[in-house]
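Observations on chain architecture
Here are the chains, one letter per residue:
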Amino acid sequence: MIIIIVAYDLNRLIGADNTLIWHIPDDLKRFKELTMGNICVMGRNTWESIPEKFRPLAGRKNIVVTSNANYEVPEGVVLAKSWEDAKALAHDDVLMGEFAGKNIYVCGGATLYESALADADQLQVTEIAKNFSVEGLSNPRYFPELPLDLVPIPLGTNYKTDDGLYYDYIQYDKLID
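My aim in this report is to walk through the structure given alongside it, one point at a time. (Residues numbered from 1 in each chain as written. Predicted model: local features only at pLDDT ≥ 70, side-chain atom pairs only at ≥ 80, totals over all residues. Heavy atoms only, no water.)

Things to note about helix α3 (residues 83-90)
Among the residues of α3, Trp 83, Ala 86, Lys 87, Leu 89 and Ala 90 are the ones counted as buried. The buried residues of α3 occupy an angular sector of 165 degrees when projected down its axis, which confines them to one face. (Buried < 20%, exposed > 50% of the residue type's maximum accessible area, 1.4 Å probe, protein only. Helix = DSSP H or I, 4+ residues; strand = E, 2+ residues; numbered from the N terminus. Arc of directions from axis to C-beta.)

In structure tokens form, the structure reads like this:
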């Protein structure tokens, strides 16, 4: 199954300046729980936004999408040149080893989300109940508009961070023809 995992605000803002604008520890914990033991596909900027001490994401097969064929990643991390390439690599049982047949989580960023959205069977969304200002930020990035063939299933609502930020967990499942 191909699953997009994302956190965004009410305008579908996912970040700016190659980083998240918010810090929600419980959401980071949920990300780890959901993706553990699976395949994580991410763009180069998302890869680089992860603190070096946490790269590669432990307990997961990491695939980094970049147009730079000479980009260097640690041993065991797979490079892909596009979403289509990453998808093919993720379905290569020999290359994936112990992760063969596991879920493929698309972890960002915006360009990869846009490329993978049509292939997604499910979305795991953390929707933050706020419109963040992008004033003073460079390169704000947004999640694409949701297609009409996705059905929302609220998993938990009205969670609140220590600093008063409200958020919901919503799963979107693709309608089956």
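Regarding unusual backbone geometry
The omega angle of the peptide bond from Arg 55 to Pro 56 is -10 degrees, so this bond is cis rather than trans. Inspection of the secondary structure puts Pro 56 in the loop between α2 (44-49) and β4 (61-65). The peptide bond linking Gly 108 to Gly 109 adopts the cis configuration, its omega dihedral lying at 5 degrees. You can see Gly 109 is positioned in the loop between β6 (104-106) and α5 (110-116). Unusually for a residue other than glycine, Arg 12 sits at a positive phi of about 65 degrees. In this fold, Arg 12 is placed in the loop between β1 (2-8) and β2 (13-15). You will see that Asn 158, though not glycine, has its phi angle at about 60 degrees, which is positive. If you trace the backbone, Asn 158 turns up in strand β9 (residues 150-160).

Overview of a nonpolar patch on the surface
A contiguous nonpolar surface patch, about 310 Å² in accessible area, is contributed by Val 151, Ile 153, Leu 155 and Leu 175. Position of Val 151 relative to the elements: it lies in strand β9. What makes Val 151 partly exposed here is its relative accessible area of 33%. (Patch = residues over 30% accessible without salt bridge, like charges linked within 9 Å, V, L, I, M, F, W, Y side chains within 5 Å. Areas by Shrake-Rupley, 256 points an atom, 1.4 Å probe, with all protein chains shown as cover. Salt bridge = Lys/Arg side-chain N within 4 Å of Asp/Glu carboxyl O.)

A word on helix α1 (residues 25-35)
Looking at α1, one finds that the buried residues are Asp 27, Arg 30 and Thr 35. Around the axis of α1, the buried residues are gathered within 115 degrees of arc, so they sit on the same side. Opposite its buried face, α1 presents the exposed residues Lys 29 and Glu 33, each directed more than 90 degrees away. If you follow the buried residues of α1, they end up packed against β1, β3 (39-43), β6, β7 (122-128), β9 and β10 (166-174). (Contact = heavy atoms within 4.5 Å.)

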